[in-house]
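Summary of the model geometry
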Amino acid sequence: MTKQVHDHCTCSETITVGKKQHLMQQIAECEFMLIDINLFLDTHPDDTRALDDYNCYAEQLAALKDLYVKNYGPIHNFGNSVSKGSWRWVKADWPWHNDHMSEPMSKEDTHHVDL
Amino acid sequence: MWIYEKKLIYPVGDIRPNPRMAKLIAMLLGGANGELTASLTYLNQRYCMPCPAVAAVLTDIGTEELSHVELLSVIMKKLLADASTESLREAGMDGWVADHNCCPFPQDQEGYKWTAAYIGTTGDPIADITNNMAAEQKARAGYEGVLRFCDDPQVIAPLQFLRQREIVHYQRFGEALNVLNEYMERYQVCPVTRK
């Protein structure tokens with residue numbers, strides 16, 4: 001399933017519901033855009049085009065992360081990700097583990113949420 | 001306040017064990033011009049930075065550098081984990097693994113331990129931002145030096161990404177210096193005048 005997120009700016013990205021690894025890839029790409037635009041805006045705060053792009057990608061990142069968190073567990077700690085059913089922060093693999101992003105979590109840990 | 005994200009800033013795939021490469025990566029992480037030095041330098045400089053926009057640059061780049069520390073740490077771990085005893089001994093990394101296993105530890109390729117003396121914080125806004133421009137170029141040169149000895153595409157890709165980020169940071173600090181000069185002129189900020 002594909003959902004058009006924005007139709008009013010230069011960001012024409014869409015969210016594609018796919019596997020865990022693919023979704024994380026989309027999050028990483030979107031977040032990288034935001035890091036780079038963020039730094040640019042720090043020294044070009046009056047650039048309205050960059051600001052529009054920032055806000056578009058920020059909305060898109062929030063949607064992508066929400067989808068990931070609901071399906072595969074929290075990305076953030078300290079209340080910035082919800083943890084439905086059980087305390088899933090301790091379950092999902094860590095970035096330095098060899099199986100990071102390669103295997104989805106077990107079925108009972110995963111309840112798929114469609115857009 | 002910082003919030004952790006359970007993800008890397010750049011994906012890392014399957015990396016072949018290579019203790020010799022781990023030794024070189026150590027320099028990028030815990031050497032004089034490494035990512036740890038950069039992060040702490042920029043974050044510490046914030047407290048004497050009068051210009052809010054430049055304080056934002058220091059916060060944001062200092063934070064991004066922390067994610068670079070983590071990325072290099074993961075690469076380091078993968079280069080050391082599952083390496084044979086022989087290859088560790090040959091690379092001169094047996095002492096490292098005996099002491100730290102495959103955890104990162106801030107020291108350079110020659111074994112010099114990271115020291116707080118590397119942190120380039122003077123509290124003088126102009127001196128600090130100028131220092132950071134040089135620091136980014138030295139870090140960029142460091143990546144190029146290490147890439148010369150790297151033949152694993154799974155290591156080359158993240159190192160090239162990190163090298164590119166040094167160039168972007170250099171650009172932003174250059175702009176920040178202009179923003180800072182304008183700010184200091186407009187508000188008549190003189191960092192040497194203290195009573």
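In the block above lies the structure referred to throughout.
Residues numbered from 1 in each chain as written. Chains lettered and ligands numbered in written order. Predicted model: local features only at pLDDT ≥ 70, side-chain atom pairs only at ≥ 80, totals over all residues.

**Let's talk about helix α1 (residues 19–30) of chain B**
Residue and element names in this part refer to chain B.
- With twelve residues, α1 should cover 16 Å at 1.5 Å per step; its first-to-last C-alpha distance of 16 Å lies within 8% of that length.
- Taking burial as the measure, the twelve residues of α1 include eleven buried ones, the bulk of the element.
- Every buried residue of α1 is listed here: Pro-19, Met-21, Ala-22, Lys-23, Leu-24, Ile-25, Ala-26, Met-27, Leu-28, Leu-29 and Gly-30.
- Looking at the buried positions of α1, the neighbouring elements they touch are α2 (35–45), α3 (52–80), α4 (85–90), α6 (125–147) and α7 (153–186). (Helix = DSSP H or I, 4+ residues; strand = E, 2+ residues; numbered from the N terminus. Expected span 1.5 Å × (residues − 1). Buried ≥ 20, exposed ≤ 12 C-beta atoms within 10 Å, placed from the backbone. Contact = placed C-beta atoms within 7 Å.)

**Examining the interface of chain B and chain A**
- The interface of chain B with chain A comprises 20 residues on the first partner and 21 residues on the second.
- Only α3 and α7 of chain B provide two or more residues apiece to the side of chain B that touches chain A.

**A look at the packing of α2(B) against α6(B)**
Residues and elements named next belong to chain B.
- Between α2 and α6, whose axes approach to 11 Å, the crossing angle comes to 165 degrees. One way to sum up the angle between α2 and α6 is to call them roughly antiparallel. α2 and α6 meet at a crossing whose hand is left-handed. When α2 is examined against α6, the residues Ala-38, Thr-41, Tyr-42 and Gln-45 are found in contact with a partner set consisting of Asp-128, Asn-132, Ala-135 and Ala-139.
- Class assignment for the residues of the contact of α2 with α6 results in four nonpolar, three polar and one charged. (Axes fitted to C-alpha atoms, helices over the stretch in contact; angles between N-to-C directions. Parallel < 35°, antiparallel > 145°, perpendicular 65-115°, else oblique. Left-handed = near helix turned anticlockwise from the far one by under 90°. Nonpolar A, V, L, I, M, F, W, Y, C, P; charged D, E, K, R; others polar.)

**Some words on the nonpolar core**
- In terms of nonpolar packing, the biggest core is built from 52 residues, with B:Ile25, B:Val54, B:Ile75 and B:Met76 touching the most fellow members.
- At the level of elements, α1, α2, α3, α6 and α7 of chain B are the ones that each hand at least two residues to this core.
- Per-element accounting of this core gives the leading share, 13 residues, to α3(B).
- Among residues more than four places away in sequence, those in contact with B:Ile75 are B:Val12, B:Ile15, B:Ile25, B:Val155 and B:Pro158.
- Counting residues in hydrophobic clusters, the runner-up holds nine residues, among them A:Met24, A:Cys30, A:Tyr57 and A:Leu67. (Core = buried A, V, L, I, M, F, W, Y, C linked by C-beta atoms within 7 Å.)

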